[in-house]
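So the chains spell out like this:
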Amino acid sequence: WHNINGLAENMVTRKVLDNLGYEDVFLLSRANYPGLGKYSAIWSGDNAANYEFMQLSIPHAFSYNIYGIPFTGSDICGFAWNTTEQLCARWMQLGAFFPFSRNHNAIDAIDQEPYALGEDVLITSRVSLKARYSLLKWYYSKFVELNGTGSVFRPVSYTHLRAHETPEHLVCRLLLEKKKKTNKQ
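The paragraphs below set out a description of the structure included in this document. (Residues numbered from 1 in each chain as written. Predicted model: local features only at pLDDT ≥ 70, side-chain atom pairs only at ≥ 80, totals over all residues. Heavy atoms only, no water.)

**Quick word on the nonpolar core**
Argument step 1. Core analysis: the largest hydrophobic core is formed by 16 residues, its most contacted members being Ile76, Cys88 and Phe153.
Argument step 2. Secondary-structure elements contributing two or more residues to this core are helix H2 (51–66), helix H3 (85–95) and helix H4 (119–146).
Argument step 3. In terms of residues, this core owes the most to one element, H3, which gives 5 residues.
Argument step 4. In this structure, Cys88 is in contact with Cys77, Thr83, Asn103, Gln112, Leu117 and Val121, ignoring residues within four places of it in sequence.
Argument step 5. Ranked by size, the runner-up nonpolar core spans 6 residues in total, among them Leu36, Tyr39, Tyr64 and Ile69. (Core = buried A, V, L, I, M, F, W, Y, C linked by side-chain atoms within 4.5 Å. Buried < 20%, exposed > 50% of the residue type's maximum accessible area, 1.4 Å probe, protein only. Helix = DSSP H or I, 4+ residues; strand = E, 2+ residues; numbered from the N terminus. Contact = heavy atoms within 4.5 Å.)

Here it is as structure tokens:
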């Protein structure tokens, strides 16, 4: 019942804010339940600063988008424990492509803002955030188009995999199609 309670809280909060005349309100919830994506963004919850959790953040974002909760992501660089320079740099690169992306950690962990972790993390983060900012208009238009339903972040195989085709076949086919287009130009 915890998750349906989170859905109900988000529905009521959204309705009250709409009735008060607030537009484009951002709600963020850790609860999830079918239909929540219409009212709120979600994040994966408290994760840890390690490569396993970074890897798990990918299927998390894909899964929730496929379930109809499009505005989702994880705590970049990990929430619990101390991150490393390399882990945070890689996670900033990955997180730049998630619909919801934030660097957030526990109060007892080391500072993990890009500037606090050294020049390499700062440069990597700057490049990654520029890529993210170049995608924001596209994300925004997709969110408006979908109106809280559907998927904006999904595996390529979700839309391009043909019947009886393995993911490996898909990659080969897409590369061949790209090569054909390049050769025609």
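**Here we look at the packing of H3 against H4**
In a pair of packed helices, the angle between the axes and the distance between the axes together describe the arrangement.
Argument step 1. It is the contact of H3 with H4, at a shortest axis distance of 8 Å, that shows an interaxial angle of 10 degrees. With respect to H4, the axis of H3 lies roughly parallel. Of the residues in H4, those in contact with Glu85, Cys88, Ala89, Arg90, Met92, Gln93 and Gly95 of H3 are Val121, Thr124, Ser125, Ser128, Leu129 and Arg132.
Argument step 2. Of the residues that constitute the contact of H3 with H4, the class distribution is 5 nonpolar, 5 polar and 3 charged. (Axes fitted to C-alpha atoms, helices over the stretch in contact; angles between N-to-C directions. Parallel < 35°, antiparallel > 145°, perpendicular 65-115°, else oblique. Nonpolar A, V, L, I, M, F, W, Y, C, P; charged D, E, K, R; others polar.)

**Thoughts on H4**
Think of an α-helix as 3.6 residues a turn; residues three or four steps apart then line up on the same face.
Argument step 1. For H4, which comprises 28 residues, the first-to-last C-alpha distance of 39 Å matches the rise-based estimate of 40 Å (1.5 Å per residue) to within 8%.
Argument step 2. Most pronounced at Leu135, the bend in H4 amounts to some 35 degrees.
Argument step 3. On its buried face, H4 sits against H3.
Argument step 4. Just beyond H4, the residue with positive phi is Asn147, at close to 50 degrees. (Expected span 1.5 Å × (residues − 1). Bend = angle between axes of the 7 residues up to and from the residue.)

**Examining the packing of aromatic side chains**
Argument step 1. Following the criterion strictly, the structure yields 9 aromatic pairs and no others.
Argument step 2. Relative to Phe71, the ring of Phe26 lies with its centre 5.6 Å away and its plane at 70 degrees, an arrangement referred to as edge-to-face. Taken as a pair, Phe26 in the loop between helix H1 (2–19) and strand S1 (28–29) and Phe71 in the loop between H2 and strand S3 (72–73) lie far apart in primary sequence, 45 residues in all.
Argument step 3. Aromatic side chains Phe71 and Phe100 sit 5.9 Å apart centroid to centroid with 85 degrees between the ring planes, which places their arrangement in the edge-to-face category. Separated by 29 residues along the polypeptide, Phe71 in the loop between H2 and S3 and Phe100 in the loop between H3 and strand S5 (102–103) bring together distant segments of the chain.
Argument step 4. Among the aromatic residues, those joined into a cluster by ring pairs are Phe26, Phe71, Phe100, Trp138, Tyr139 and Phe143. (Phe/Tyr/Trp six-rings, centres within 6.5 Å; stacked < 30°, edge-to-face > 60°.)

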